[in-house]
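Single-letter residue listing:
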Amino acid sequence: MPLPAYLTTAEAAQYLRLKERKVYDLVSQGVIPCVRVTGKLLFPRQRIDLWLMNHLEGDDAVSSPIPPVLAGSQDPLLEWALKESGAELALLCQGSGDGVQRLVDGRAMLAGMHIWHAESQSYNDPDTLGLSGMRDLVLIRWAKRQQGLLLAAGNPHGIERLEDIARPGIRVAHRQPDAGVSHLLQSLLARHRIDAQQLTWAPHPSLSEDDLALAIRQGEADIGVGIEAAARRQGLAFIPLQQEHFDLAMRRRHYFESAMQRLLAFARSERFIQRAEALSGYDISELGKVVYNA
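Residues numbered from 1 in each chain as written. Predicted model: local features only at pLDDT ≥ 70, side-chain atom pairs only at ≥ 80, totals over all residues. Heavy atoms only, no water.

Participant: Can you break down the overall build of the chain residue by residue, with the values?
Facilitator: From N to C terminus, the chain includes twelve helices and 15 strands. Over its C-alpha atoms the chain spans a radius of gyration of 21 Å, differing by no more than 12% from the 19 Å that the globule rule assigns to 294 residues. Buried residues in the chain amount to 48% of all 294 residues. Across the chain, every contact between residues at least 6 apart in sequence was considered, and the portion connecting residues at least 24 apart equals 71%. For the chain, the accessible surface area stands at approximately 14,800 Å², while carbon and sulfur atoms represent 49% of it. If you average the places of the 32 positive and of the 35 negative side-chain charges in the chain, the two averages end up 3 Å apart. (Helix = DSSP H or I, 4+ residues; strand = E, 2+ residues; numbered from the N terminus. Rg over C-alpha atoms; globule rule 2.2 N^0.38 Å. Buried < 20%, exposed > 50% of the residue type's maximum accessible area, 1.4 Å probe, protein only. Contact = heavy atoms within 4.5 Å. Areas by Shrake-Rupley, 256 points an atom, 1.4 Å probe, with all protein chains shown as cover. Lys, Arg positive; Asp, Glu negative; His and termini not counted. Charge placed at Lys NZ, Arg CZ, Asp CG, Glu CD.)

The following block contains the structure:
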């Protein structure tokens, strides 16, 4: 019989081949992932597996080389900086959620993310993302970006606020479910009591910020939520909604790799600063700041 997604203390002890008392000791030390529900301890099995993998010792701890890939969410400024800096990182931008999974699995060196957590009113919380089991996790601030409504040039439908998204006949561009902006959009719809099932969605998801902006420019959709830089690149109208944090997640050792150091060095150049200003919607005052260090 397959194990449940959440283990009881007894099941966790059996799974780890430890005594229950030892499991309680690990909980009290705050070193094993768990949650407390109505006074009862539960252990997410996937997080337990991740915790175990990050505590391997000896020869087994030497994993396969991690490919020089930056996965996760697309960012126009980051994409340009990677090319210009000579960081020699390949891009695989399929959404923040995909980047998190590739980072955990060792299939990417870096992951770009901007995942909004409505309950905590914060971005990129490692505990919520299932990353707290990575004992060498580091989050580096890349930029603060302006998120908002992207509209056709001249705003032909006269849209003024988010609630206008529910007007009859308004087609809504959208991203894949694990993209960072999808989390924000669902939160905004809930906050404004807009029923997502009543909206007219574009037939296919846009797989990047630029793709969403292009869908609106080409008339495939009338409105979407995205970043200001993507709107400006496609000549679209833009109504700001919320400033977000775009961070880079990595293992601590990869912060010191030449790829990351080249990127950060280039980000301090006057040319980079001018590019950020030209793209619009970026606040790079905290770029390079360590926002989480496990």
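That covers the picture; the talk isn't over yet.
Participant: How would you summarise the packing of helix H1 (residues 9-16) against helix H2 (residues 20-28) if you had to cite specific residues and measurements?
Facilitator: The geometry of H1 relative to H2 is characterised by a closest axis approach of 9 Å and an angle of 100 degrees between their N-to-C directions. Comparing their axes, H2 and H1 come out roughly perpendicular. Listed contacts from H2 to Thr9, Ala10 and Ala13 of H1 are Glu20, Val23 and Tyr24. The residue inventory of the contact of H1 with H2, partitioned by class, reads four nonpolar, one polar and one charged. (Axes fitted to C-alpha atoms, helices over the stretch in contact; angles between N-to-C directions. Parallel < 35°, antiparallel > 145°, perpendicular 65-115°, else oblique. Nonpolar A, V, L, I, M, F, W, Y, C, P; charged D, E, K, R; others polar.)

Participant: I'd like a rundown of H2, residues and numbers included.
Facilitator: The set of residues buried in H2 consists of Val23, Leu26 and Val27. Buried residues of H2, viewed axially, fall in a sector of 100 degrees; they line one side. Exposed positions of H2 whose direction lies more than 90 degrees from the buried face are Arg21 and Ser28. In the stretch just after H2, glycine 30 is the one whose phi turns positive, near 70 degrees. (Arc of directions from axis to C-beta.)

Participant: Lay out the packing of aromatic side chains with the relevant residues and their values.
Facilitator: Each aromatic ring pair is summarised here by two numbers: the centre-to-centre distance and the angle between the ring planes. This model, assessed by the stated rule, comprises five aromatic pairs. Measuring from ring centre to ring centre gives 5.6 Å for tryptophan 142 and phenylalanine 272, while their planes differ by 75 degrees; the resulting arrangement is edge-to-face. Highlighted residues: tryptophan 142 in strand S9 (residues 137-151) and phenylalanine 272 in helix H12 (residues 270-279), separated in sequence by 130 residues. Look at tryptophan 142 and you get buried, because its relative accessible area is 0%. Judged by centre distance (5.1 Å) and plane angle (90 degrees), the rings of tyrosine 255 and phenylalanine 256 are edge-to-face. Of the residues examined, phenylalanine 256 reaches a relative accessible area of 60% and is grouped as exposed. In this structure an aromatic cluster arises from ring pairing among Trp80, Trp142, Phe266 and Phe272. (Phe/Tyr/Trp six-rings, centres within 6.5 Å; stacked < 30°, edge-to-face > 60°.)

Participant: Can you break down the pairing of strand S3 (residues 40-44) residue by residue, with the values?
Facilitator: In terms of residue burial, S3 counts as a mostly covered element, since four of its five residues are buried. Bridge count between strand S1 (residues 6-7) and S3: two bridges; the pairing is antiparallel. Among the inter-strand pairings, leucine 7 is bridged to a residue of S3, identified as phenylalanine 43. Direction of pairing for strand S2 (residues 35-37) relative to S3: antiparallel, over a ladder of three bridges. Bridge assignment links arginine 36 to a residue of S3, and that residue is leucine 41. What sits between the antiparallel neighbours S2 and S3 is a turn of two residues, in which threonine 38 has the positive phi angle 45 degrees. (Pairing = 2+ DSSP bridges.)

Participant: Residue-level account of the pattern of salt bridges, with values.
Facilitator: Going through the model one piece at a time under the given rule, you end up with 16 salt bridges. Note that aspartate 75 and arginine 145 form a salt bridge whose closest N and O atoms lie 2.7 Å from each other. With a gap of 70 residues between them, aspartate 75 in the loop between strand S4 (69-72) and helix H4 (76-85) and arginine 145 in strand S9 connect regions that are remote in the sequence. Judged by its relative accessible area of 2%, aspartate 75 falls in the buried class. The salt bridge involving aspartate 247 is made with arginine 141; its shortest N-O contact spans 2.5 Å. A residue pair is termed long-range when its members are at least 10 positions apart, and aspartate 247 in strand S13 (residues 237-251) and arginine 141 in strand S9 qualify at 106 residues. For the residue pair aspartate 247 and arginine 141, the accessibility class agrees, reading buried in each case. (Salt bridge = Lys/Arg side-chain N within 4 Å of Asp/Glu carboxyl O.)

Participant: Which residues make up the packing of H4 against helix H11 (residues 258-266), and what values go with them?
Facilitator: At a minimum axis separation of 9 Å, H4 and H11 run at an interaxial angle of 105 degrees. With respect to H11, the axis of H4 lies roughly perpendicular. Only Arg262, Leu263 and Phe266 of H11 make contact with H4, whose side of the interface consists of Leu78, Trp80, Ala81, Leu82, Glu84 and Ser85.

Participant: How would you summarise the nonpolar core if you had to cite specific residues and measurements?
Facilitator: If you look at the biggest cluster of nonpolar residues, it comprises 41 residues, and the most contacted ones within it are Trp142, Leu248 and Leu263. Sorting the residues of this core by element identifies H4, S9, helix H8 (209-217), helix H9 (228-233), S13, H11 and H12 as the ones contributing at least two each. Not counting residues within four places of it along the chain, the set of residues in contact with tryptophan 142 comprises Asp75, Leu77, Leu78, Ala81, Phe246, Asp247, Leu248, Leu263, Ala267, Phe272 and Leu287. In this structure, Leu151, Leu184, Leu185 and Leu189 belong to the second largest nonpolar core, which totals 20 residues. (Core = buried A, V, L, I, M, F, W, Y, C linked by side-chain atoms within 4.5 Å.)

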